[in-house]
Amino acid sequence: MKLSHNPLRPFGRVVEASGDAQISDIPVDTLARWVVESRVLVLRGFSLLDTQVFADYCRLWGEVLEWEVGEVVDLVVQDDPKNYLFASGDVPFHWDGAFVDADPRWFFFQCLDATPEAGGETVFCDTTAVYRDVDDATRELWSGISLTYSTEKLAHYGGEVTEQLVSQHPGTGLPVLRFAEPLDPNVYRNPVSVTAHGVEKGTQELFVKELSERLHRREYCYDHAWHKGDILIADNFSLVHGRNAFRGPTNRHLQRVEVI
């Protein structure tokens, strides 16, 4: 098996295999190191896995998070979705696991189908780079801020949770940001409200807006256009992620597994 490594911009790595390659051909420790180094690791030329085999493989990385729908979540556009994740519009930035009693370290995707040029790119923001580039005064301000998120449970998650804005990566020790954007109830199904604590009274909404705008700067974001057969592993602690809206009808089918 021959592997070629190519960097993505502004971060990430794509590894392409030639021949009959299986993801299990590469040691877990090696893949995990590549993910930590790159934040996002895209594998191409590797065989896709049956649903149960996919979950069992992810178990080699740690405890698999089980949702009400099971360990493997099928992400497809639905005609009448209860939750914005299954609609055709955009998905604002968030991190996985905010509304469950677990904190996934890794999340895995495999792309069973994709419609070319249909939009729906998954957008990843490297929050370690965002934190790195701000000044000391901003870091001090952020260190005292927490945010409360609230949403009705209409899909596989929901409730209310309060998190510190600045956290620490469990592997690298680097500061990371835990942030999810608010969702306007006039635009999104299953909206999310966000309340900031530790900022001056009357400036909470402005703070959330400005933070969101900072995270969307292009120097911090990688947009992944899906190809059928892609396997993608991402670092849930370093990143927040979302999705661009689809530009037309799509048959895209992703499967996702999260590992604690």
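For the structure itself, look to the data block above.
These figures come from a predicted structure and were not determined experimentally. (Residues numbered from 1 in each chain as written. Predicted model: local features only at pLDDT ≥ 70, side-chain atom pairs only at ≥ 80, totals over all residues. Heavy atoms only, no water.)

**Student:** How should I be thinking about the nonpolar core in this particular structure?
**Tutor:** Note that soluble globular proteins tend to have their nonpolar side chains buried in a common cluster. One finds W142 and Y149 to be the most contacted residues of the largest nonpolar core, which totals 57 residues. Of the residues forming this core, the biggest block, four residues, is contributed by helix α5 (residues 204-215). Ignoring any residue separated from it by four or fewer positions in sequence, one finds Y149 in contact with W95, F99, G159, E160, V161, R178, F179, A180, V192, S193 and V194. (Core = buried A, V, L, I, M, F, W, Y, C linked by side-chain atoms within 4.5 Å. Buried < 20%, exposed > 50% of the residue type's maximum accessible area, 1.4 Å probe, protein only. Helix = DSSP H or I, 4+ residues; strand = E, 2+ residues; numbered from the N terminus. Contact = heavy atoms within 4.5 Å.)

**Student:** What's the story with the sheet that holds strand β9 (residues 159-164) in this structure? I'm lost.
**Tutor:** Within a beta sheet, neighbouring strands are joined by backbone hydrogen bonds and run either parallel or antiparallel to one another. Here three strands make up an open sheet; going across it, the order is β9-β8-β12 and the pairing antiparallel. Sheet topology places β9 and β12 (193-197) at the edges, where each strand pairs with a single neighbour. Geometrically, the sheet is characterised by an average inter-axis angle of 15° between neighbouring strands, direction not taken into account. Pairing between strand β8 (residues 146-151) and β12: five bridges, direction antiparallel. Paired with S146 across the two strands is H197, which belongs to β12. (Pairing = 2+ DSSP bridges. Axes fitted to C-alpha atoms, helices over the stretch in contact; angles between N-to-C directions.)

**Student:** When you look at the packing of aromatic side chains in this model, what are you seeing that I'm missing?
**Tutor:** Each aromatic ring pair is summarised here by two numbers: the centre-to-centre distance and the angle between the ring planes. Tallying each qualifying case throughout the model produces ten aromatic pairs. Taking the centre distance of 5.1 Å and the plane angle of 75° together, the rings of W61 and W106 count as edge-to-face. With a gap of 45 residues between them, W61 in the loop between α2 (51-58) and β4 (73-75) and W106 in strand β6 (residues 106-113) connect regions that are remote in the sequence. Exposure remark for W61: the relative accessible area of 10% places this residue in the buried category. Using a relative accessible area of 7% as the deciding quantity, one classes W106 as buried. For the ring pair F109 and W226, a centre distance of 5.5 Å and an interplane angle of 65° mean the geometry is edge-to-face. In this pair, F109 sits in strand β6 while W226 sits in the loop between β13 (221-224) and β14 (231-235), placing the two residues 117 residues apart along the sequence. By the burial criterion, F109 is buried, and W226 matches it. Following the ring pairs from residue to residue traces out a cluster consisting of F11, F107, F109, F124, Y222 and W226. For the cation-ring pair, R105 lies above W106, with the distance from its terminal atom to the ring centre recorded as 4.4 Å. Here R178 stacks its cationic end above the ring of F237, 4.7 Å away from the centre of that ring. (Phe/Tyr/Trp six-rings, centres within 6.5 Å; stacked < 30°, edge-to-face > 60°. Lys NZ or Arg CZ within 6 Å of the ring centre and 35° of its normal.)

**Student:** When you look at the environment of P7 in this model, what are you seeing that I'm missing?
**Tutor:** If you trace the backbone, P7 turns up in strand β1 (residues 2-7). Among the residues examined, P7 registers a relative accessible area of 54% and is labelled exposed. For P7 and R178, which are 171 residues apart along the polypeptide, the C-alpha to C-alpha distance reads 25 Å.

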